[in-house]
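The residues making up each chain are set out below.
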Amino acid sequence: MFWLFSLVSHALIVTQLPIIFSILLITLLTVSFFSLTTAHYLVTRQWLLWRLFKACILATILIFMMISLVTYGLQQAELQHIRLTYKPFLALTIFCLPLVIWLISLKYYLQHHWGKIVLILFISVIINLAMIILIGQASKWATDHGYYASQLLL
């Protein structure tokens, strides 16, 4: 979901479509919150809505930080002199830093052992994949039946 979101969000930022970008942001927050909350409830049988909502907001901020660092940070003129073998390590560092921050903050918010957190994240990924398939099938059905986004905005 991250790569799809990053591709679409980067295209929307470049084309400056704030309404569609806002809808995409709300969709990301809603889907991530739903999947993380459902996964947490399946593992622990507890509802920690406020803590999980804070974790989802933090994840969204870190995703945007990661996207901007990877897309713009690696294209700086100062980095053109770096050998090509070092750039993948730099990109991996830029990718892993927000991920580590989010995992540590998730452990702080939920106050579980690492095993439970990994299980919650694994179930959350499965739910996210199911939501992507569901949204894709709903979009396909709407397109096949003549519902287009351009007609809805008129």
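The residue numbering used here restarts from 1 in each chain and proceeds along that chain's sequence as written. Only residues with pLDDT of at least 70 get local features here, since the model is predicted, and only at 80 or more are side-chain atom pairs given and counted; chain-wide, interface and lining totals rely on the full set of residues. Where side-chain values are given, they derive from all heavy atoms of the structure, hydrogens and water being excluded.

Participant: Sorry if this is basic, but what is going on with the overall build of the protein here?
Facilitator: Elements are defined by DSSP. Helices are runs of H or I of four residues or more, strands are runs of E of two residues or more, and each kind is numbered from the N terminus. Counting secondary structure elements, the protein contains six helices and zero strands. Tracing the protein from N to C terminus, the helices and strands come up as α-α-α-α-α-α. Buried means the residue's accessible area, taken with a 1.4 Å probe over protein chains only, is under 20% of the maximum for its type, while exposed means over 50%, and partly exposed covers the values in between. Within the protein, the fraction of its 154 residues that count as buried is 28%. We call two residues in contact whenever any of their non-hydrogen atoms come within 4.5 Å of each other. Look at the contacts in the protein between residues 6 or more apart in sequence, and 63% of them connect residues 24 or more apart.

Participant: Sorry if this is basic, but what is going on with helix α4 (residues 87-110) here?
Facilitator: Residues spaced three or four apart along an α-helix face the same direction, because each turn holds 3.6 residues. End to end, α4 covers 35 Å across 24 residues, agreeing with the expected 34 Å (1.5 Å per residue, within 8%). If you check which residues of α4 are buried, you get Ile 94, Pro 98, Trp 102, Ser 105, Leu 106, Tyr 109 and Leu 110. Count one or two residues on from α4 and you reach Gln 111, which has phi positive near 55°. Any helix carries an expected span of 1.5 Å times its number of residues minus one.

Participant: Sorry, what's going on with the pattern of salt bridges here?
Facilitator: Note that side chains of opposite charge can pair when their charged atoms are close. Throughout this description, the term salt bridge denotes a Lys or Arg side-chain nitrogen within 4 Å of a carboxyl oxygen of Asp or Glu. For the coordinates displayed, the defined rule picks out one salt bridge. As a salt-bridge pair, Lys 140 and Asp 144 come within 2.9 Å of each other at their nearest N and O atoms. Residue Lys 140 and its partner Asp 144 are both found in helix α5 (residues 114-144); the two are separated by four residues, about one turn of the helix. We classify Lys 140 as partly exposed; its relative accessible area is 46%. Look at Asp 144 and you get exposed, because its relative accessible area is 52%.

Participant: How should the packing of aromatic side chains be read in this particular structure?
Facilitator: Each aromatic ring pair is characterised by the separation of its centres together with the angle its planes make. We call Phe, Tyr and Trp rings a pair once their centres come within 6.5 Å, taking the six-membered ring for Trp, and we label the pair stacked below 30 degrees between planes, edge-to-face above 60, and tilted otherwise. The tally for this structure, following the rule as stated, stands at four aromatic pairs. By the ring-pair criterion, three or more aromatic residues cluster together here, those being Phe 33, Trp 50 and Phe 53. By definition here, charges over rings are those cases where NZ of Lys or CZ of Arg is within 6 Å of the ring centre and within 35 degrees of the ring normal. Sitting over the ring of Tyr 41, Arg 45 keeps its end group 5.7 Å from the ring centre.

Participant: What should I look at first to understand the nonpolar core in this one?
Facilitator: Grouped burial of nonpolar side chains is what soluble globular proteins tend to show. Among the buried residues, those of types Ala, Val, Leu, Ile, Met, Phe, Trp, Tyr and Cys that are joined through side-chain atoms within 4.5 Å form a nonpolar core. Leu 36, Ala 55, Trp 102, Leu 106, Leu 110 and Leu 121 are the most contacted members of the largest nonpolar core, which has 19 residues in total. Mapped onto this core, the elements with two or more residues apiece are α2 (18-44), α3 (49-73), α4 and α5. Counting residues per element, this core draws most heavily on α5, at six residues. Those residues within four positions of Leu 121 in sequence are excluded, and the remaining contacts are Leu 36, Trp 102, Leu 103 and Leu 106.

Participant: Sorry, what's going on with the environment of Ala 59 here?
Facilitator: With respect to the secondary-structure elements, Ala 59 resides in helix α3. Along the backbone, Ala 59 and Ser 105 are 46 residues apart, and their C-alpha atoms lie at a distance of 9.7 Å.

Participant: Where do I start with α5 in this structure?
Facilitator: Between its first and last C-alpha, α5 extends 45 Å over 31 residues, near the 45 Å set by a 1.5 Å rise per residue. Considered for burial, the residues of α5 that qualify are Ile 117, Ile 120, Leu 121, Ile 123, Ser 124, Ile 127, Asn 128 and Met 131. Downstream of α5 by a residue or two, Gly 146 has a phi angle that is positive, lying close to 90°.

Participant: What should I look at first to understand unusual backbone geometry in this one?
Facilitator: Peptide bonds are, in most cases, trans, and in most cases residues other than glycine have a negative phi. In this model, Arg 45 sits at a positive phi of 60°, which is unusual for a non-glycine residue. One can find Arg 45 in the loop between α2 and α3. Judged by its relative accessible area of 57%, Arg 45 is exposed. Phi is positive for Gln 111, close to 55°, though the residue is something other than glycine. Looking at the element boundaries, Gln 111 is found in the loop between α4 and α5. Overall, Gln 111 belongs to the exposed group, its relative accessible area being 58%.

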